[in-house]
Amino acid sequence: MMRIRILCVGKLKEEYWRKACEEYGKRLSAFCRFSIQEIPETRLPDHPSQAMIEAALQEEGKKLLEAAGEDSLFPLCIEGRMLSSEQFSRTIEETALYGESAVCFVIGSSFGLHDCVKQKGKMRLSMSPMTFPHQLARVMLCEQIYRAFQIAAHTRYHK
C-alpha cells in the first residue's frame, strides 16, 4: 500500500483545522498509509531582516529534507505547477506505477521553502495563484489527496 505523507512547518493552532485533517486521514486509510508530520517553525522577530528569513528557511529546509528521507518529494510553492484534480490524481497514480511507494508533500512556513527543498522535489506544485493561510492549505491538500484516490477509484465523490 502506498505511503503518503504531508510534511509541514508549524502546527495547526485551531481545533477545526486539526479535525478536518483527521477526517481526511480516516477516509484515506482505505487507500493508503497517510500521515502528517510537523516540523517546528523557526522563531523570528516581528520584522525580520531578509538574512534572518533566509537563515530560518535554510534551517527548516535541512529539517524537512532529513524528515523526508528517500520519499518522492512534492514541494508546494508559488512557482509550482498548477494541476487540475484529475491531473493530480494521475500524478499520484504514475508515481506509484514507477515504483515509488512513498510520497511526501511539503508545505513550508509563511515565508515559503528553501531552495534546497524545492530542488530536491520531483515536481513543484502550486494550489492556486491566490494566497491561502498555510493551515487552510494543509486541509485543502488533504482533501485533494482524498479526491485523487476517489478519482482513481471512479467513485461518485468527484463529479
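Our subject in this report is the structure included herewith.

Definitions and cut-offs
- Residues numbered from 1 in each chain as written.
- Predicted model: local features only at pLDDT ≥ 70, side-chain atom pairs only at ≥ 80, totals over all residues.
- Heavy atoms only, no water.
- Phe/Tyr/Trp six-rings, centres within 6.5 Å; stacked < 30°, edge-to-face > 60°.
- Helix = DSSP H or I, 4+ residues; strand = E, 2+ residues; numbered from the N terminus.
- Buried < 20%, exposed > 50% of the residue type's maximum accessible area, 1.4 Å probe, protein only.
- Pairing = 2+ DSSP bridges.
- Right-handed = clockwise from strand over helix to strand, strands pointing away.
- Axes fitted to C-alpha atoms, helices over the stretch in contact; angles between N-to-C directions.
- Parallel < 35°, antiparallel > 145°, perpendicular 65-115°, else oblique.
- Left-handed = near helix turned anticlockwise from the far one by under 90°.
- Contact = heavy atoms within 4.5 Å.
- Nonpolar A, V, L, I, M, F, W, Y, C, P; charged D, E, K, R; others polar.

### Description of the packing of aromatic side chains
Overall, the coordinates contain 7 aromatic pairs when judged by the stated rule. Consider the rings of Y146 and Y157, whose centres lie 4.9 Å apart with planes at 75 degrees: the pair is edge-to-face. Here Y146, found in helix α5 (residues 134-152), pairs with Y157, found in the segment after α5; they are 11 residues apart in sequence, far enough to count as distant. For Y146, a relative accessible area of 9% corresponds to the buried category.

### Digging into the pairing of strand β2 (residues 33-39)
Note that strand β1 (residues 3-9) and β2 share 7 bridges and pair parallel. Looking across to β2, one finds that I6 is bridged to I36. Crossover connection from β1 via helix α1 (residues 15-28) to parallel β2: handedness right-handed.

### Things to note about the packing of α1 against α5
Running from N to C, α1 and α5 point in directions that differ by 15 degrees, and their axes come no closer than 9 Å. Classified by the angle between their axes, α1 and α5 sit roughly parallel to one another. Classified by chirality, the crossing of α5 by α1 is left-handed. Contacts between α1 and α5 involve W17, A20, C21, Y24, R27 and L28 from the first element and Q135, L136, R138, V139, C142, E143, I145, Y146 and F149 from the second. Along the lines of polarity and charge, the residues of the contact of α1 with α5 split into 11 nonpolar, 1 polar and 3 charged.

### Considering the sheet that holds β1
If you walk across this open sheet you meet the 5 strands as β2-β1-β4-β3-β5, and the pairing is parallel. The open sheet has two edge strands, β2 and β5 (125-126), and neither has a second partner. Across 3 bridges, the pairing between strand β3 (residues 72-82) and β5 is parallel. Residue pairing for β5: R81 is matched across the bridge by L125. Against the sheet, helix α3 (residues 85-97) touches β1, β3, β4 (102-107) and β5, its axis set at about 155 degrees to β3.

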